[in-house]
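This is what each chain is made of:
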There are 4 protein chains.
Amino acid sequence: MNPVSLFDLEAMAEQVMPHHKWTFVDAGASDEITVRRNREAFDEITVNPRFLVDVGNRDSSIEVLGEKIDFPVMVAPAGSQRDVHPDGERATAAAAGSMGTLYTLPTGSGYSIEEVADVATGPLWFQLYHFDDEVTELLVTRAKAAGYKAICLTIDTPSPSPKERDVRNAHMPTPGLYWGSLLRPVDRSDLIMRRSVGIPDMMDWEPPEFTGLTWERLEWLRNLTGLPLVIKGIRTLEDAVMCAEYGADAIVVSNHGGRQLDCTRSSIETLPEISDAVGDNLEVYLDSGVRRGMDALKAIALGARGVFVGRPLFWGLANGGEAGVRQMLDIMRTEFDRAMAYCGCRTVDDIHRGLVSLNSDFRTRV
Amino acid sequence: MNPVSLFDLEAMAEQVMPHHKWTFVDAGASDEITVRRNREAFDEITVNPRFLVDVGNRDSSIEVLGEKIDFPVMVAPAGSQRDVHPDGERATAAAAGSMGTLYTLPTGSGYSIEEVADVATGPLWFQLYHFDDEVTELLVTRAKAAGYKAICLTIDTPSPSPKERDVRNAHMPTPGLYWGSLLRPVDRSDLIMRRSVGIPDMMDWEPPEFTGLTWERLEWLRNLTGLPLVIKGIRTLEDAVMCAEYGADAIVVSNHGGRQLDCTRSSIETLPEISDAVGDNLEVYLDSGVRRGMDALKAIALGARGVFVGRPLFWGLANGGEAGVRQMLDIMRTEFDRAMAYCGCRTVDDIHRGLVSLNSDFRTRV
Amino acid sequence: MNPVSLFDLEAMAEQVMPHHKWTFVDAGASDEITVRRNREAFDEITVNPRFLVDVGNRDSSIEVLGEKIDFPVMVAPAGSQRDVHPDGERATAAAAGSMGTLYTLPTGSGYSIEEVADVATGPLWFQLYHFDDEVTELLVTRAKAAGYKAICLTIDTPSPSPKERDVRNAHMPTPGLYWGSLLRPVDRSDLIMRRSVGIPDMMDWEPPEFTGLTWERLEWLRNLTGLPLVIKGIRTLEDAVMCAEYGADAIVVSNHGGRQLDCTRSSIETLPEISDAVGDNLEVYLDSGVRRGMDALKAIALGARGVFVGRPLFWGLANGGEAGVRQMLDIMRTEFDRAMAYCGCRTVDDIHRGLVSLNSDFRTRV
Amino acid sequence: MNPVSLFDLEAMAEQVMPHHKWTFVDAGASDEITVRRNREAFDEITVNPRFLVDVGNRDSSIEVLGEKIDFPVMVAPAGSQRDVHPDGERATAAAAGSMGTLYTLPTGSGYSIEEVADVATGPLWFQLYHFDDEVTELLVTRAKAAGYKAICLTIDTPSPSPKERDVRNAHMPTPGLYWGSLLRPVDRSDLIMRRSVGIPDMMDWEPPEFTGLTWERLEWLRNLTGLPLVIKGIRTLEDAVMCAEYGADAIVVSNHGGRQLDCTRSSIETLPEISDAVGDNLEVYLDSGVRRGMDALKAIALGARGVFVGRPLFWGLANGGEAGVRQMLDIMRTEFDRAMAYCGCRTVDDIHRGLVSLNSDFRTRV
């Protein structure tokens, strides 16, 4: 079967993946209310196309922190890719580069920071979970040395929050395939010797209990490398304002795909108020629920510069490694280009707020 | 089984049609959100009937660009009718005429402009897709010569947008049965010789990439024949205003039955704001989702002069060619007449805004 | 099985009735949107109970056009009862009387006006369909002579509107069991001889095309007997105001149980605006969708004096004739009494608007 | 299977319980609209988490009428626990105490007031149904003597209201296992001899018809013991205001889990207006629909001091008596702690209104 949409890729992936791995990719927090809401909110946004305007020679490129990419759909950081395909993060990075877009390497990578940089042809970001200061310094220093363009700090996991379907499956990432960003090429035993918190304690895939990183310490983090700082996991206007105040270069409005903490609003529902408030101070991106090129256009119309896809990269990996991820991104690019044509846009800058309508159920804060 | 409603006809058609042909008729764009919304929006409109008034001797006729028809349900242009029944567009045109209503011949007809005109007894419009200027001039000139009353330009396909269920079925119209409006009686090889873009390249059923037709060129199109110009595919207030500014004689508020571009509002949801803005400047019609005579009354109460049905013509064709289409139109006429009686209306002019109520979910632009 | 609620009775009735008779009772007009909405609207109304008040010795009686009944749930006129049980309207009338409530005899009765009056112990109304003036005069004169307390004119059938499920079943009431109100004890052949429109032409169960009865002629109707005039079938504020202007004594806000004309609002949705406007001028009753004693309390809180049940009388008849109807009414009485207790009401007059809340989806006219 | 959430416990309980006992626990009044709404309303509330704040060393304790408990989820009074597990109320009380929370003993207990006090290690309340003054005086006096901290008067059962699924099952609590709070250690025959209303008459599990307790008599009740008075069953702002006026120390906003009177709003929907009005005058608690630690946080954000769980105690009992109840409470404590961490709260006092959002469907009184 040749996938026509990402939903086809999803169905194909479910058929070829072991149940517990599929579930790890698919599951969300608690009752998965937010997972469903992420999609429903996109589907409830309507578009107002414009016709009989010149839409020849369309250009879907954007700039992300100064780096030009070919279309505004990027690849989110998502751990455990090597558990789905042996090429793991190397395949995904290569696919993103060959399609002309950005890849974000997760801390929970099966290949090291350097191994992924070796195969990447497009811009890279490094996603950071903060465990303790020593590990963080090690990771971001290596990322900078390997040419990563930004540090993308995930802030939305202050406490372990295992997904219930994973608990029922007793799912654990394959030992040795998860914390590659830490382990290689730096020798594992070496790292253990240097630190009191040993790596074996970290093989548990959940982030640990609160590790002391607060708003006040962002300056310390930034000074470690001087790289642009992206804050990922923004669910509220208040936290977005904090990011602007503390000098973040960009934010990713995200509810972690509904995987961390159920019952939050969908990302796209919170986007308008956030972009209105801080869009002039930093770059605003969005993930969580993006499955269609039209979703990217909707998000951009509501104030994002671009979007990220997470689970779909696994669907691509499961359906053929690098080629599968490329196929996934190619579908998104084609759909986004078509959405631009139907909305009378020749460039991404032509996408404006008037192209979408929000129904009365679209949530605003009360 | 004797069909009681169009939904009966639909179920009967699905049973007798090959799967891929049924799907071609039935499918919509992407996730078919707009397809569903087209129906849901009609069903959510409530009517406020009025009783104990004189509703004897009802007259359901209207005038469409000066042509009188017996009831305000007309037949939309819809390609590939000969793929469903050998009599194709000739059957549909004959049925429409015998029932006293208007037929719109699609560019993608299985019979030529002239062959359909030969059997038609009611008024005809010619629906135009613009491929290039030479073909357009050829088509509209022939349409005028054959007695068609208006050129109905479809503007809502600026780029190919194959329906995903068709892609999965690898559905293609039967060669030779689709571009009949172009091919006959003008000889096919002759046309090929005269043009650099050969007909074989056009057998693909999708409209091509943007072909250069913009608002500014409507005057050129109109001057080719001097016939009234109807613009079909209006989804927004903004484009409706453009039609008025550029001198269109009528518009069809339409989302192409949800077949081109998903996620737009339903046609009926956009109608009130459009008819309020331009209803005094041009004639406003509507299609997309009309399945009940009551739907026609609802649309007229909200500002349309009349409505078109698209997919139902195929259901009629599949259930007996001309007789089936006539049966479909007869059900619509009976239902519309009953709706008038229950709403206390003796003429179509008696239908007014107060006869319908919109619930709070009925979308307005935000 | 011992029925606990009317829904139990309904399920039991479906099992014992022939399919076409069940369908005749169960079906609604067209897509049955209004049938569903009648229930959904009741279910969406919330109640605000009040506790720790004295609810001993409750009295659920009301006065209806001066007649006292024991609780505010009455029996609506509904034709063809003899098709469901041989005792038909006689059983239903006897049950209503023995339970202390009012019965409305339909024109389409299987027993004559006089035969029903013979067995009734409670107050009776006579429901009138107007076919022509001669028949109407005959019917209302006989009703008055037999002791009926009011003429209840149904106005919501200006044109035939067969229910589609009946059409598919080719359902017809059993000959001789339907127009009993006309036929007996007046001899059938005699009636035929006296009129140009013969009774056989009227065996078709649908009301005929518009018969000329308009607001202006209500005075003629009233003068035939001098009995109070109840207008049944009010769906709009406008028609309610007309009733007040033309001197009706009472109205029944009703959409005919969704059986005549689909797509209207539920009766209970239209009640507040109607009772606000005309409640001081005439008595306001309601039917369509009442299935719970709590529904009666909700309707009374929103401005009705009492309610009628229609389909449930058939469920009772099918489950044991008079005893079944009595069981149905007994459930309603028990439930209504309990609803009063929980809402802190000792009398029906204690029921007030503040006892119910309407959510934001409850329809108001736009 | 190891339960991950209360919903797992629920599914496990349904599998091990006899159908009629399961149904007794599970069922709600009439159509169970309120049962469903209790959950839906919680699920529709969204949370607005805050990150990068110090959430180490969290403290989830609260004070309830001066008694400190470890987390704000308490055990509601719910009769017939001994019908689900032989240890019944003794197991539940012991589990609550060992988990550091409060237990409310129901009047309909399988063990006596004193027997439960003997095994309890945490604070106890005694829930009172008023049957007559003599029994009430006996009960509350014994409760005070046994060390119970408050009298929790249930006011929302002014009249019997059997759940329909129980009626269909002809479910009755096992004789001798229900009115234990009355029977032991006081000898049953002794009680019978002392009163005209014999205990056998009370074996019917439904509360009797209105017993004469009104607002004015609360002072009498309070004076019997001098213990704090908690009023349970508040569904409206009006009754909450009455509680404040008549000097109650606390209220439980509750619709009895939807088990007494259908069609009321969910408890959580009524909470904001109630806590706004009387939160400064008395302590406000909530039950009905609480199934997640996040629900407790939502309720606290909307004005409650803490919440109670009812049906879940039976799920715990069915899955292992005291250990099962402890497991249930442990899940709730873990979830609540996580919810605090994700919302940036170190103490329960940090939970504030801004942490939750209500969508436009959240009911307000109209």
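Residue positions are given per chain, counting from 1 as you read along its sequence in written order. Just so you know, chain letters begin at A and ligand numbers begin at 1, following the order they were written in. Note on the predicted model: pLDDT of at least 70 is required for a residue's local features to be given, and 80 or more for side-chain atom pairs to be given and counted; whole-chain, interface and lining totals, by contrast, use all residues. Note that water and hydrogens are dropped before the side-chain values are worked out from all heavy atoms of the structure.

### A word on the packing of aromatic side chains
This is how it is decided: Note on ring pairs: Phe, Tyr and Trp rings are taken, using the six-membered ring of Trp, and paired if centres are within 6.5 Å. Classes follow the plane angle, with under 30 degrees stacked, over 60 edge-to-face and the rest tilted. The secondary structure listing takes helices from DSSP runs of H or I that are at least 4 residues long and strands from runs of E that are at least 2 residues long, numbered from the N terminus. Burial here depends on accessible area, computed with a 1.4 Å probe over protein chains only, as a share of the maximum for the residue type. Under 20% is buried, over 50% is exposed, and the range in between is partly exposed. Consider the ring centre and the ring normal. A charge sits over the ring if Lys NZ or Arg CZ is within 6 Å of that centre and within 35 degrees of that normal.
In the structure shown here, the tally under the stated rule is 28 aromatic pairs over all chains. Where Trp 125 of chain D meets Tyr 285 of chain D, the ring centres are 6.1 Å apart and the plane angle is 75°; that geometry is what we call edge-to-face. Separated by 160 residues along the polypeptide, Trp 125 of chain D in strand 6 (residues 124-128) and Tyr 285 of chain D in strand 10 (residues 283-286) bring together distant segments of the chain. Just as Trp 125 of chain D is buried, Tyr 285 of chain D falls in that class too. Aromatic pair Phe 126 of chain D and Tyr 148 of chain D: ring centres 6.2 Å apart, planes at 85°, arrangement edge-to-face. In this pair, Phe 126 of chain D sits in strand 6 while Tyr 148 of chain D sits in the loop between helix 6 (133-145) and strand 7 (150-154), placing the two residues 22 residues apart along the sequence. Judged by relative accessible area, which is 0%, Phe 126 of chain D ranks as buried. The class for Tyr 148 of chain D is buried, based on a relative accessible area of 2%. Chaining the aromatic ring pairs together yields one cluster made of Trp 125, Tyr 285 and Phe 308 of chain A. The ring of Tyr 111 of chain D is capped by Arg 90 of chain D, whose NZ or CZ atom sits 5.6 Å from the centre of that ring.

### Focus: the interface of chain C and chain D
As a reminder of what qualifies: Note on contacts: a residue pair is in contact if any heavy atoms of the two residues lie within 4.5 Å. Buried area adds together the accessible area that both of two parts lose upon being put together, with accessible area traced by a 1.4 Å probe. Every case where a carboxyl oxygen of Asp or Glu lies within 4 Å of a side-chain nitrogen of Lys or Arg is listed as a salt bridge. Between N or O atoms, a polar contact is any pair within 3.5 Å; within protein, one atom must be a potential hydrogen donor and the other a potential acceptor, and residues adjacent in sequence are included only when both atoms are from side chains. Nonpolar residues are Ala, Val, Leu, Ile, Met, Phe, Trp, Tyr, Cys and Pro. Charged residues are Asp, Glu, Lys and Arg, and all others, Gly as well, are polar.
Facing the 36 residues of chain C at the interface are 39 residues of chain D. Here chain C packs against chain D, burying approximately 2900 Å² in sum over the two surfaces, 55% of which is carbon and sulfur. The tally of links between chain C and chain D comes to 5 salt bridges. Taken together, the links from chain C to chain D amount to 12 residue pairs in polar contact (both at pLDDT 80 or more). Top contributing element to the side of chain C that touches chain D by residue count: helix 15 (residues 321-342) of chain C, with 4 residues. Taken together, the residues of the side of chain C that touches chain D sort by class into 15 nonpolar, 8 polar and 13 charged.

### Brief notes about the environment of His 19 of chain B
Residue and element names in this part refer to chain B. Secondary-structure assignment places His 19 in helix 2 (residues 19-26). Judged by relative accessible area, which is 56%, His 19 ranks as exposed. Sequence-wise, His 19 and His 171 are 152 residues apart; in three dimensions their C-alpha atoms are separated by 9.9 Å.

### Observations regarding the relation of the copies chain C and chain D
Our working definition: Least squares is the method for superposing the copies, and the C-alpha atoms it fits come from residues with pLDDT of at least 70 in both.
Structural alignment of chain C on chain D gives an RMSD of 0.0 Å, achieved by rotating through 90° and translating 0.0 Å along the axis. Taken together, the rotation and translation describe the operation of a four-fold axis. Comparing interface residues between copies, only 6% of those in chain C also sit at the interface in chain D, which points to a heterologous contact through distinct surfaces.

### Describing the pattern of salt bridges
Per the counting criterion, the structure on display carries 100 salt bridges over all chains. Here Asp 133 of chain A makes a salt bridge to Arg 217 of chain A, at a shortest N to O gap of 2.8 Å. Here Asp 133 of chain A is found in helix 6 (residues 133-145), whereas its partner Arg 217 of chain A is found in the loop between helix 10 (199-202) and helix 11 (218-225), with 84 residues between them in sequence. Linking Glu 269 of chain B and Arg 37 of chain B is a salt bridge whose minimum nitrogen-to-oxygen distance equals 2.8 Å. Within this pair, whereas Glu 269 of chain B is found in helix 13 (residues 267-278), its partner Arg 37 of chain B is found in helix 3 (residues 33-44), the two being separated by 232 residues in sequence. One continuous salt-bridge network, built from bridges that share partners, spans Asp 8, Arg 292 and Glu 335 of chain A together with Asp 31, Glu 164 and Arg 168 of chain B.

### So, the relation of the copies chain A and chain D
Mapping chain A onto chain D calls for a rotation angle of 90° and an axial translation of 0.0 Å; the resulting RMSD is 0.0 Å. Of the interface residues in chain A, just 5% have counterparts in chain D that sit at the interface too, so the contact is made through distinct surfaces.

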